[in-house]
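Residues per chain are reported as follows:
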Amino acid sequence: MKLYIHIPFCNSKCAYCDFYSTPRRELMDSFVDSVINEWKSRSLNIAEPIDTLYLGGGTPSSLPTQLLDRLLSALPLTNAIREATIEANPEDVSSEWVRYIVNETPFRRVSMGIQSFSDVELSAIGRRHSAEDAVSAIETLRAGCIENISCDLIYGLPGQDITSWGKSLDRLISLRPEHISAYLLSYEPGTRLYVRLQQGKIDEADDDTVEKMYSTLCYKTAEAGYNHYEISNFALPGREAIHNSSYWDGSPYIGLGPGAHSWDGTHRSSNPSNLNAYINAAGVKFGVIEEEDDDNRFNDMLITRLRTHQGLLLSEIRGQFGDTYVNDFLTESRPLIAEGFLTVTDGDRYSIPEEKWLMSNSILLPLIRV
């Protein structure tokens, strides 16, 4: 069973971020108590052990160690865990913190948001660390025997060009993290960057630049030995993210905390992004079940599977939805295959070629059931 816990605390909000977070550290104790309560309530009917654990946010590395201890001690963590990941910001990574993580917790994988190795670009998006802070953090993790590091970069940043993007990629690849996630900047309503874009103070990267940045990303990571296994994710052989892959292969998972999502194999649910309400409810009966019919579930499968190099199996569509869905998919996919937007292997596996992944939304559009 895959377990995600959303830690909604950040010291400050990055200019591009629309994930749920709050600076209200005074609520950390009550939050941890509520997460423990939610786990106790929701785990009553769960027989299988936790095999992946992921602490995301927000900034999980901002949680005091005594509170992280309290949270982890309430979970039935056993040798069944295949992967335990904690997200961290570079400015939180110290020798003391790494020593604690290695000696007192099950986390052996650290996911760190670097976003850029240009101090100008980092300042433009409100990051609190410098490029050298990021390098130092990776070196500190290595010195502390963390042997599975994942790092995030963003392309399409304000003021970023092909050259600076290539330099950030080269710098990160030279540090040899086991995993790299690279995302195109998205201007989300409600963020500071979105406001600046609307005011004409910054410009969004044009399509041609974005395509060149993505091509550079694919080329440089492949040349360095990384496998491109999902639109935005690259891993050295055998280092693909086990937990995150569950979101794309349909495996059930539980999400705890405000803003967290869950999938039990039949229904999706989500906790509202409201820390005060979550604490007032003590984490119990807080989730909202998302109403889905077969079309919704098919679309979910389509969108998640075709994000990956594994693609979508026709037999999986038949097994879950029946021949009508298979026949409709075959009809709608023929023109896409003829135009090279979809490939078929073994007569059953459908996938989007890597060079077309950046335009996957438009490729998926005719396949989606409405």
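Bear in mind that the values here come from a model prediction, so they are computed numbers and not experimental data.

K.L.:
Is there a simple way to think about the environment of Thr345 in this case?
P.N.:
Relative to the helices and strands, Thr345 resides in strand S14 (residues 343–345). Exposure remark for Thr345: the relative accessible area of 38% places this residue in the partly exposed category.

K.L.:
Help me out: how do you make sense of the side chain of Glu38 in this one?
P.N.:
Following the sequence through the fold, Glu38 ends up in helix H1 (residues 28–42). Residue class for Glu38 comes out buried when judged on its relative accessible area of 2%. Within polar-contact distance, the side chain of Glu38 engages the side chain of Tyr278 at 2.6 Å. When neighbours within four sequence positions are excluded, Glu38 is seen to be in contact with Gly255, Leu256, Gly257, Asn271, Tyr278, Ala282 and Gly283.

K.L.:
How should the side chain of His129 be read in this particular structure?
P.N.:
Relative to the helices and strands, His129 resides in the loop between helix H4 (119–124) and helix H5 (131–143). On the accessibility criterion, His129 (4% relative accessible area) is buried. A polar side-chain atom of His129 sits 3.2 Å from the main-chain carbonyl oxygen of Ile114. Residues within four places of His129 in sequence aside, it is in contact with Pro90, Glu91, Gly113, Ile114, Leu122 and Ala134.

K.L.:
What exactly am I supposed to notice about the pairing of strand S5 (residues 149–155) here?
P.N.:
On a regular strand, one side chain projects to one face of the sheet and the next to the other, so that they alternate. Of all 7 residues in S5, 7 are buried; the element is thus mostly enclosed. Side-chain alternation along S5 places Ile149, Cys151, Leu153 and Tyr155 on one buried face and Ser150, Asp152 and Ile154 on a second face that is also buried. The sheet contact formed by strand S4 (residues 109–115) and S5 spans 5 bridges and is parallel. In the sheet register, Val110 faces S5, and the bridge partner there is Ile149. Examined bridge by bridge, S5 and strand S6 (residues 179–184) share 6 bridges and lie parallel to one another. Bridge pairing in S6 places Leu153 opposite Ala182. Chirality of the crossover, the property in question, places the unit of S5, helix H6 (residues 162–175) and S6 among those that are right-handed.

K.L.:
Can you help me understand the pattern of salt bridges in this one?
P.N.:
Think of it this way: side chains of opposite charge can pair up when their charged atoms draw near. Scanning all chains against the criterion turns up 20 salt bridges. Arg109 is the salt-bridge partner of Glu83, the closest N and O atoms lying 3.9 Å from each other. Of this pair, Glu83 sits in strand S3 (residues 83–88) while Arg109 sits in strand S4, and the two are 26 residues apart along the sequence. Take Glu83: its relative accessible area is 6%, and that puts it in the buried class. Several salt bridges converge on common partners, so that one network encompasses Lys2, Asp51 and Arg82.

K.L.:
Sorry, what's going on with the packing of aromatic side chains here?
P.N.:
Centre-to-centre distance and the angle between the planes together describe a pair of aromatic rings. This structure, assessed with the given rule, holds 12 aromatic pairs. When the centroid spacing of 6.5 Å and the interplanar angle of 40° are considered together, the rings of Tyr155 and Tyr214 count as tilted. Within this pair, whereas Tyr155 is found in strand S5, its partner Tyr214 is found in helix H8 (residues 207–223), the two being separated by 59 residues in sequence. By relative accessible area, Tyr214 is classed as buried at 3%. Considering the side-chain rings of Tyr247 and Tyr253, the 4.7 Å spacing of their centres and the 75° angle between planes classify their relative orientation as edge-to-face. By relative accessible area, which is 27% here, Tyr247 ends up partly exposed. Residue classification places Tyr253 among the buried residues on the basis of a relative accessible area of 11%. Taken together, Phe9, Phe31, Tyr278 and Phe286 form an aromatic cluster joined through their ring pairs. Just above the ring of Trp263 sits the side chain of Arg268; from NZ or CZ to the centre is 4.3 Å. In this structure, Arg369 is placed above the aromatic ring of Tyr325, and the distance from its NZ or CZ to the ring centre is 3.9 Å.

K.L.:
In this structure, what is going on with the sheet that holds S14? I would like to understand it.
P.N.:
Sheet strands associate in pairs through backbone hydrogen bonding, adopting either a parallel or an antiparallel arrangement. Strand order in the open sheet formed by 3 strands is S13-S15-S14, and the pairing between neighbours is antiparallel. If you trace the sheet from one side to the other, it starts and ends with strand S13 (312–313) and S14, each paired once. Summarising the sheet, S13 and strand S15 (residues 349–351) pair through 2 bridges and their orientation is antiparallel. If you follow Leu312 over to S15, its bridge partner there is Tyr350. Contacts from helix H13 (residues 323–338) reach S13, S14 and S15, with the element oriented near 50° to S15.

Procedures and definitions
Residues numbered from 1 in each chain as written. Predicted model: local features only at pLDDT ≥ 70, side-chain atom pairs only at ≥ 80, totals over all residues. Heavy atoms only, no water. Helix = DSSP H or I, 4+ residues; strand = E, 2+ residues; numbered from the N terminus. Buried < 20%, exposed > 50% of the residue type's maximum accessible area, 1.4 Å probe, protein only. Polar contact = N/O pair within 3.5 Å; in protein donor to acceptor, adjacent residues only side chain to side chain. Contact = heavy atoms within 4.5 Å. Pairing = 2+ DSSP bridges. Right-handed = clockwise from strand over helix to strand, strands pointing away. Salt bridge = Lys/Arg side-chain N within 4 Å of Asp/Glu carboxyl O. Phe/Tyr/Trp six-rings, centres within 6.5 Å; stacked < 30°, edge-to-face > 60°. Lys NZ or Arg CZ within 6 Å of the ring centre and 35° of its normal. Axes fitted to C-alpha atoms, helices over the stretch in contact; angles between N-to-C directions.

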